Every structure is written in C-alpha cells, then in structure tokens.
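Per-entry structural report
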Amino acid sequence: MENIAILGSTGSIGQSSLEVIDKLNNRFRVVGLAAGRNTQMLEKQIEKFKPKIVSLKKKEEAEEFRRKFKDRSLHVTFSEKGAEEVAEFEENDIVVSAITGIDGLRPTLAALETGKKIALANKESMVAAGSLIQNLVEKSGAQIIPVDSEHSGIFQCLAKERVDNVKRVILTASGGPFFRSSSQEMEEITLDDALNHPRWKMGKKVTIDSATLMNKGLELIEAHWLFNIEPAKLEVLIHPQSIVHSLVEMNDGSVLAQLSPTDMKVPIQYALTYPEREDSSLPSLDLSQIKSLEFFEPDVEKFPLLKLARQALEEGASFPIVLNAANEIAVSAFLQTEIGFLDIAEIVSKAVENHPQREVQNLEDIFSVDRETRQMTRNLIERRS
Ligand code: MG
C-alpha cells in the first residue's frame, strides 16, 4: 500500500482524487489532507479516510478540529506553513498538488524537496516557477506526473520516446463555452454563462480560464517546463469533443495521441498508479457513438489571452509571473462580478504592459513580482469603478 497526501483536498481535483483512491480499494492509504475553506467537507474526509495529518486555512479552525478529533492521533495544523507540513510529511509516498493558484507554489516546492512522487495539478506553480521547479526536481530526484488531462496525454505519448525526436506537441482545448459566440454575444457574457463549461466539470478558476482560453496559455507554459519542449514546437488546436487530450508528432511523421472519456478521474488515476495501470469503472470510449472528432485553429483575436500567454512563454523572465498573478486577480474580480468577462483580458493585458520586465533568480524574486502585480492589478480594477 502506498501513502498519499492531498494538497487541496476539498477542491475539485482533491475530491476526484479521493474518489479514485476510494474505488481502488486498499491500493492507497490517505495519510495527509490540506484543505481550503470547506471545513465541513474536510471533516467528512477525515471520518472516511482517517489521515494522520491535516491542515486548515485558519488557526481558529485548526483549534476547533483539535478539540473535535482529540481522541485520535491526528495532527492538525494550519495556514500555508500547515500545507507545507502536509506536503513534507515523512510517511508520504505520493503527494497530489491540487491547490489552485500561486498559493500552491510553496507547498508544491516543499513536496518536491522530499524527492518523492508528485501528481501535479497546480499549473500556476509551473507557470510562475518553472525553472526553479526544474532545478529542484534534478536536485531532489522527485518525479512529477502531470494530472492536467493534456499533459497526462503528452506524458503517455512520450513514455517510450526521446524528446529530441519530437517535432511538435499539440495541446487540445475544448474551446470553452464561447467558442462559437459572435463578438456581439461575447459582450453580454454573464458569470453563469462563463461557469457553464460544455465538457469538463472543474473548479471555478480553471473554468473561467477555459472560457478565456487563458487555461490553454498557462498549459503551453506548463508543457514547456514539464517536457522540456521548446516554445516553437508547442501548438494549440480547438477540439470541441474533448476526447483527444493531446497529440505528439514525431520526426518520422507519426502522430501519437491519447484519447479517453472526458473525465478528470482518468488522468488522476494514471498519475496515482503510474507506472502501473489499474481497472477503472468508467464506461469505455464509444467512438461510433461520438462519430466525429473536429479540430480548429484557435481564434487569438477573439481570445487574446492565449496570444499573450504565448508571448510570456517566449519572453520568459518575469512575464509569466505577471501574466499569472494579473489573471488570478482579474478572474477573482470577475467571479465577484466586479468586472465583466471581456475585462479579464483587458486588465491582464494592461498589467503586463505596465510591468517592467526583469530577471527572476529565486523564490523571493518570484513572490515579489507576484505581490507587485497583484497590487497593480487591483489598482487597475479599482480605477475602473
Ligand atoms: Mg487541462
């Protein structure tokens, strides 16, 4: 039996990971959980999975949990430091990194330091700190198995291949809910419209990122760092059926693709059981039922954040950090209905324009660019209203 800790256990990926673990009866033991604000759900998870260490957001919540579970040998901790403690817990064999946003960076780094296996779902960490993570992986011997469906697909296609033989990597995107919307319709998008993703059931942040196509932009940067593929070889195709999760073209003309039902439990289970595979209870992919698989060029005029993300990938330095931080703030403002849908791209673009690019050497630099950008983006949003 292998021991698992889940960072972000009450989020969408965290919950699906626990479902997968539950179905794979006795293959894994949950030893650590780091949760966000949903303390009720964490309580249920503790009852069911009986971890040894849990972390909550706030001190008061942690104190309440200590009282509640005082009869058990459960270590209760809190804050970002608490999540790091769960990440470093010595009994972990596998850590699922599924905290959304830059908040997941320090806990992810803590897990990587231990040199164990990391199932990585937190793409923002890779975007902001790709080079740092790459160095850390080399130093600690940690192994990253991607959870993101596209990257899981690429990882599986590359399993027996040499990266120098790769000609192109194509990440597919569903296109989100507004793939077919006119520019007139785009101006009237509401929060509910944007949260109504046609294919995937996911957390709110990534659902909005999918609607603006920023998600695919972040994934391009993630793919660059995960697989060491140069930016010019990375492409995006819109594939509304979300069945082909990615394609890898080799130098001899062969194109490898990974297909599976549109369910995050597939890449999650693969990341957990890798290098083995286990049975899943999901229905088989029925291509005769689906009939057609379509592919389109992305429209970067309609979805400018994809273009901006590619620029960030090519230029590097502080650009990707600014892009990510501004986007996190803009998406959160959109979720609070402080700004409209099209404002997200406008604000992120302005934040990028305002920020003088600079080299980043270490974690301190990354967080200082991140903090500055957040403040500047908040100011941009306030000035509008
Ligand atoms: Mg994805």
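This one's a predicted model, so the numbers in the text were calculated from it and none came from an experiment. (Residues numbered from 1 in each chain as written. Predicted model: local features only at pLDDT ≥ 70, side-chain atom pairs only at ≥ 80, totals over all residues. Heavy atoms only, no water.)

A few points about the coordination of the magnesium ion
Within the protein, the atoms that donate to the magnesium ion are Asp148 (OD), Glu150 (OE) and Glu219 (OE), at distances of 2.1 to 2.2 Å. Sequence positions of the donors to the magnesium ion reduce to the motif D-x1-E-x68-E. You can see glutamate 150 sitting in helix α7 (residues 149–158) and its partner glutamate 219 sitting in helix α11 (residues 214–227), a full 69 residues away along the chain. With respect to burial, glutamate 150 and glutamate 219 carry one shared label: buried. (Donors = N, O, S within 2.8 Å, 3.2 Å for Na, K, Ca; no water. Helix = DSSP H or I, 4+ residues; strand = E, 2+ residues; numbered from the N terminus. Buried < 20%, exposed > 50% of the residue type's maximum accessible area, 1.4 Å probe, protein only.)

Considering the packing of helix α4 (residues 79–88) against helix α5 (residues 105–113)
With their axes 8 Å apart at the nearest point, α4 and α5 run at an angle of 25 degrees to one another. When the axes of α4 and α5 are compared, the pair comes out roughly parallel. Classified by chirality, the crossing of α5 by α4 is right-handed. In this structure, α4 contributes Glu80, Ala83, Glu84, Ala87 and Glu88 to the contact, and α5 contributes Arg106, Pro107, Ala110 and Ala111. For the contact of α4 with α5, the class distribution of residues is five nonpolar, no polar and four charged. (Axes fitted to C-alpha atoms, helices over the stretch in contact; angles between N-to-C directions. Parallel < 35°, antiparallel > 145°, perpendicular 65-115°, else oblique. Left-handed = near helix turned anticlockwise from the far one by under 90°. Contact = heavy atoms within 4.5 Å. Nonpolar A, V, L, I, M, F, W, Y, C, P; charged D, E, K, R; others polar.)

Some remarks on the domain arrangement of the protein
The domain architecture assigned to the protein consists of domain 1 (2–146), domain 2 (148–263 + 288–300) and domain 3 (316–385). Relative placement of domain 1 and domain 2: their C-alpha centres are 26 Å apart. Across the contact, 13 residues belong to domain 1 and 18 residues belong to domain 2. Buried surface at the junction of domain 1 and domain 2, summed over both partners, amounts to about 1,300 Å²; 67% is from carbon and sulfur atoms. A per-residue breakdown of the area domain 1 buries against domain 2 is headed by Lys123, Val127 and Pro146, which together make up 45% of the total. Where domain 1 meets domain 2, there are three salt bridges. Elements with a minimum of two residues in the side of domain 1 that touches domain 2: α6 (123–140) and β7 (143–146). Across the side of domain 1 that touches domain 2, the residue classes break down as six nonpolar, five polar and two charged. (Domains from an automatic or database assignment. Buried area = accessible area lost by both parts, 1.4 Å probe. Salt bridge = Lys/Arg side-chain N within 4 Å of Asp/Glu carboxyl O.)

Regarding helix α2 (residues 39–49)
Leu42, Gln45, Ile46 and Phe49 are the residues of α2 that are buried. Relative to the axis of α2, the buried residues are bounded by an arc of 100 degrees and lie together on one face. For α2, the exposed residues set more than 90 degrees away from the buried face come down to Gln40 and Lys44. Buried residues belonging to α2 abut α1 (12–23), β2 (28–34), β3 (53–56) and α3 (59–68). Immediately beyond the C-terminal end of α2, within one or two residues, lies lysine 50, with a positive phi of roughly 50 degrees. (Arc of directions from axis to C-beta.)

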